[in-house]
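Topology and contacts: notes
Listed below are the residues making up each chain.
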Amino acid sequence: VLHILVSLVFLINYGCKAQQLVQTTADVPKLKTNEQQFINKPLKYLLKELKPEIKTAGVTNEEGYSYFGFNFLPLEEQRKGLGSREDKVSLYIYVNGQVDWDYEKRPKGQELNWTKEDIQKYENLIVKRIKVIYD
């Protein structure tokens, strides 16, 4: 009986895939609310909680820290002021150290596009702080 119960619990857990914390851009503030679960952990854990796709990103390197500025609207829509208030949210992720991000070395006309390569390159940076700002 016990092995049947254990098997049943395993099947239930296996079948219930964890839902991402941020389902829509309206949920982005949940990252700040739950900030402590991401602090001092690699960026990849935070990125896995985002269902809305990051469209653009930029990096600011300051003395002793750096941060990513993520947006969920394509650049053209941002420039035209399109999208709802929730869609215009900016997510700032502060990380340890300096980020190797050179606008000059990024593809021309796509300097701000966030790519799969960027995820792979930066996913192990350690999260230090999260800010959420609306346009």
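Since this is a predicted model, take the numbers as computed values, not measurements.

1. Focus on the overall build of the protein
- A tally of helices and strands in the protein yields five helices and four strands.
- Counted from the first residue to the last, the protein has its helices and strands arranged as α-α-α-β-β-α-β-α-β.
- Scored against the burial criterion, the 135 residues of the protein give a buried share of 32%.
- Put simply, of all contacts in the protein between residues at least 6 apart along the chain, 66% involve residues at least 24 apart.

2. Thoughts on the pattern of salt bridges
- One pass over the structure, following the stated rule, counts six salt bridges.
- The salt bridge partner of Arg-79 is Glu-76, with a shortest N-O separation of 3.4 Å. With a gap of three residues between them, Arg-79 and Glu-76 both fall in helix α4 (residues 75-80), about one helical turn apart.
- A relative accessible area of 59% places Arg-79 in the exposed class.
- With relative accessibility at 46%, the residue Glu-76 sits in the partly exposed group.

Cut-off values and rules
Residues numbered from 1 in each chain as written. Predicted model: local features only at pLDDT ≥ 70, side-chain atom pairs only at ≥ 80, totals over all residues. Heavy atoms only, no water. Helix = DSSP H or I, 4+ residues; strand = E, 2+ residues; numbered from the N terminus. Buried < 20%, exposed > 50% of the residue type's maximum accessible area, 1.4 Å probe, protein only. Contact = heavy atoms within 4.5 Å. Salt bridge = Lys/Arg side-chain N within 4 Å of Asp/Glu carboxyl O.

That's the geometry; what it means functionally is another story.
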